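# Coordinate analysis (summary)
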Amino acid sequence: AYGNNAGYATPIETMLGQIEDEGEGQQVFFGKQLTGIYPAQVPRHVTLRFSDGTRVTAGRVLLNLPEPALESLDKGSIVFTHSRRLVRKSLAKVSSKPAAKVYAYYEDAWWSSKLGLMEGYFSSSGGSIPLAGR
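If you're wondering where the values come from, they're calculated on a predicted model, not measured in any experiment.

## Quick notes on the overall build of the protein
Of regular secondary structure, the protein possesses five helices and five strands. Its helices and strands taken in sequence order, the protein reads α-β-β-β-α-α-α-α-β-β from the N to the C terminus. Principal-axis analysis of the C-alpha atoms gives the protein an extent of 65 × 40 × 30 Å. The buried share of the protein, taken over its 134 residues, is 13%. Contacts spanning at least 24 positions in sequence make up 32% of the contacts within the protein whose residues lie at least 6 apart. Of the roughly 11500 Å² of accessible surface on the protein, a fraction of 55% belongs to carbon and sulfur atoms.

## Re a positive patch on the surface
A surface patch of like charges, here positive, comprises Arg-85, Arg-88, Lys-89 and Lys-93. Inspection of the secondary structure puts Lys-89 in helix α4 (residues 85–92). Given a relative accessible area of 52%, Lys-89 falls into the exposed group.

## Concerning the side chain of Thr-47
The residue Thr-47 is located in strand β2 (residues 46–50) in this model. A relative accessible area of 14% places Thr-47 in the buried class. Apart from residues no more than four positions distant in its own chain, Thr-47 is found in contact with Gly-36, Ile-37, Tyr-38, Pro-39, Ala-40, Arg-55, Val-56 and Thr-57.

Scoring rules and cut-offs
Residues numbered from 1 in each chain as written. Predicted model: local features only at pLDDT ≥ 70, side-chain atom pairs only at ≥ 80, totals over all residues. Heavy atoms only, no water. Helix = DSSP H or I, 4+ residues; strand = E, 2+ residues; numbered from the N terminus. Buried < 20%, exposed > 50% of the residue type's maximum accessible area, 1.4 Å probe, protein only. Contact = heavy atoms within 4.5 Å. Areas by Shrake-Rupley, 256 points an atom, 1.4 Å probe, with all protein chains shown as cover. Patch = residues over 30% accessible without salt bridge, like charges linked within 9 Å, V, L, I, M, F, W, Y side chains within 5 Å. Salt bridge = Lys/Arg side-chain N within 4 Å of Asp/Glu carboxyl O. Lys, Arg positive; Asp, Glu negative; His and termini not counted. Charge placed at Lys NZ, Arg CZ, Asp CG, Glu CD.

Quick look at the structure:
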């Protein structure tokens, strides 16, 4: 409504649209478990191996993996064995933290009706559970 209501899926949907705009030859795989990424026989390509036995060779790959999926990749995957030092350093920094998303309903959007605010951020580290939000 205000041009800033983007959710977690928005970047992925945008990238998917860009891939589709490239035309034929693009593939997106949903619901597949990637098990490893290996050098392909074609120069400057990789082979993606999935848990169902499917293999795909690609010249370019965009991975959107949560930490557990990244950790479950075969340690012989080229992202761990043949990537640049900066990539390996970045991968080593990947971590997860417990989080929760809360939805609340208010009869009166008091932040707008009483304070005139349409957006904002908050954080609190004083309690036993740190809070942050938008």
